[in-house]
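Residue-level structural notes
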Amino acid sequence: MTKPEPVDRFRERYAQRRGEVARRVERVVLGHEVGLNGFTTVEQADTLCDALSPAAGGRLLEVGCGHGWPGFHVAQRLACDLVGCDIPLDALRDARANIGARRRRGHAWFVAADGRALPFASGYFDAAVHADTFC
Amino acid sequence: MLRESHRVVKKGGCLAGFVIHTPADLTATAERRASELGPDAVVAAGGPEDLTREAGFSNVVRTDVTHQFTAIVEAMLRAASRWEAELRAEQGEDEYVAGCERAEAMLTGIREGLLLRSLVTAIKG
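The structure displayed is predicted, hence computed values, not measured ones.

**Considerations on the pairing of strand β1 (residues 59–63) of chain A**
Residues and elements named next belong to chain A. The buried fraction of β1 is high, at 4 of 5 residues. In terms of strand pairing, β1 meets strand β2 (residues 81–86) through 5 bridges, oriented parallel. Its bridge partner lying in β2, Leu61 is registered against Val83. A crossover connection joins β1 to the parallel β2 through helix α4 (residues 71–78); in handedness this β-α-β unit is right-handed. Pairing of β1 with strand β4 (residues 125–131) involves 4 bridges; the strand directions are parallel. Its bridge partner lying in β4, Leu60 is registered against Ala127.

The following block contains the structure:
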């Protein structure tokens, strides 16, 4: 059986609205609720913070950010500004909506961009995170 | 993605991320099966440490978190079963079944040793 192209599959999945029951499942399994964000638990997101802490306080890039998890969590913990990038526009819109009320410090922007051709200047970021976004 | 991440991170900056990947030295047949069983877009060909080094990063460290990955996928399937009726109603029959099939395929891949999940950290030297 041939799988759809990953980007098309992600576009399709991000365009679907997440219902309350699906969000409940996410809370129970991963400990957070932002929608369709793979396999990263809160505990694992904290591990990313520990790994990145020497570079904390500046600009953080999340490649393949989806709905902004775990990048937004890491940015808040480390008091960084966050730039999240991904391809599906629905995901980016939801990411912006998700973080609105939860942002306590720093700024967050979400940018439509392919991780293979990032529209940023060389050396612009202090650190980068990704979660299950290898390509 | 890794090469571009390397370019946009400043010297001395860090990279950290989770990667679902296959073990090194799989046969072509096993690679194909891993690709069929694995989640979308995340089965990276080749070891994630080598790919990270090839992108220019140094101090590359990989920590295997497959045991946590297994527990998460198992928990997803348990939750899907626990709230089956509500999820079927909310998502529709096709999406519910497809989601369960994806998770079951992943679990099969993990248990057959074809899918691993690792935390990879590195520094731009």
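**What about the nonpolar core?**
With 27 residues, the main nonpolar core has Val29(A), Phe39(A), Phe69(B), Val73(B), Leu87(B) and Leu115(B) as its most contacted residues. Looking at this core, the elements that each hand over two or more residues are α2 (20–30) of chain A together with α2 (28–37), α4 (66–82) and α6 (93–111) of chain B. No other element matches α4(B), which puts 7 residues into this core. Contact partners of Val29(A), with chain neighbours within four places excluded, come to Thr41(A), Ile72(B), Ala75(B), Met76(B) and Ala79(B). Judged by nonpolar contacts, the second largest core, of 22 residues, contains Leu60(A), Ala75(A), Leu78(A) and Val65(B).

**Quick notes on the interface of chain B and chain A**
Listed per partner, the contact involves 46 residues of chain B and 47 residues of chain A. Summed over both partners, the interface of chain B with chain A buries about 4,000 Å², with 61% contributed by carbon and sulfur atoms. Across the contact surface, chain B and chain A share 3 salt bridges. Residue Lys10(B) is joined to Asp126(A) by a salt bridge in which the shortest nitrogen-to-oxygen separation is 2.5 Å. Applying the counting rule to chain B against chain A returns 25 residue pairs in polar contact (both at pLDDT 80 or more). Looking at the side of chain B that touches chain A, the elements that each hand over two or more residues are α1 (2–8), β1 (9–21), α2, α3 (48–54), α4, α5 (84–91), α6 and β3 (116–123) of chain B.

**Regarding unusual backbone geometry**
All names here are of chain A. The omega torsion of the bond from Trp69 to Pro70 falls at 5°, within 30 degrees of zero and hence cis. Relative to the helices and strands, Pro70 resides in the loop between β1 and α4. Despite not being glycine, Ala79 shows a phi value in the positive range, around 55°. Its place among the elements puts Ala79 in the loop between α4 and β2. Positive phi, normally seen in glycine, also occurs at Asp132, with a value near 60°. Relative to the elements of secondary structure, Asp132 occurs in the segment after β4. A relative accessible area of 12% means that Asp132 is categorised as buried.

**Re the environment of Trp83(B)**
Summarising the element assignment, Trp83(B) is placed in the loop between α4 and α5. Excluding anything up to four places from it in sequence, Trp83(B) contacts Val21(A), Arg24(A), Val25(A) and Val28(A).

**Observations concerning the confidence of the model for chain A**
Per-residue confidence for chain A gives a mean pLDDT of 84; residues scoring 70 or more make up 81%. Per-residue pLDDT, averaged within each element of chain A, yields its smallest value for helix α1 (residues 6–15) of chain A (67) and its largest for β1(A) (95).

**With respect to the side chain of Ser5(B)**
Note on placement: Ser5(B) falls in helix α1. Residue Ser5(B) is classed as buried on the basis of its relative accessible area, which comes to 1%. Contacts of Ser5(B), omitting those with residues within four sequence positions, involve Val63(A), Leu118(A), Leu15(B) and Phe57(B).

**A few points about the packing of aromatic side chains**
Residue and element names in this part refer to chain A. The full count for this structure, using the stated rule, is 3 aromatic pairs over all chains. Ring plane angle 90° and centroid distance 5.1 Å describe the contact between Phe120 and Phe125, whose orientation is recorded as edge-to-face. For the pair Phe120 and Phe125, one class covers both residues: buried. Of the residues examined, Phe125 reaches a relative accessible area of 0% and is grouped as buried.

Analysis parameters
Residues numbered from 1 in each chain as written. Chains lettered and ligands numbered in written order. Predicted model: local features only at pLDDT ≥ 70, side-chain atom pairs only at ≥ 80, totals over all residues. Heavy atoms only, no water. Buried < 20%, exposed > 50% of the residue type's maximum accessible area, 1.4 Å probe, protein only. Helix = DSSP H or I, 4+ residues; strand = E, 2+ residues; numbered from the N terminus. Pairing = 2+ DSSP bridges. Right-handed = clockwise from strand over helix to strand, strands pointing away. Core = buried A, V, L, I, M, F, W, Y, C linked by side-chain atoms within 4.5 Å. Contact = heavy atoms within 4.5 Å. Buried area = accessible area lost by both parts, 1.4 Å probe. Salt bridge = Lys/Arg side-chain N within 4 Å of Asp/Glu carboxyl O. Polar contact = N/O pair within 3.5 Å; in protein donor to acceptor, adjacent residues only side chain to side chain. pLDDT = per-residue confidence, 0-100. Phe/Tyr/Trp six-rings, centres within 6.5 Å; stacked < 30°, edge-to-face > 60°.

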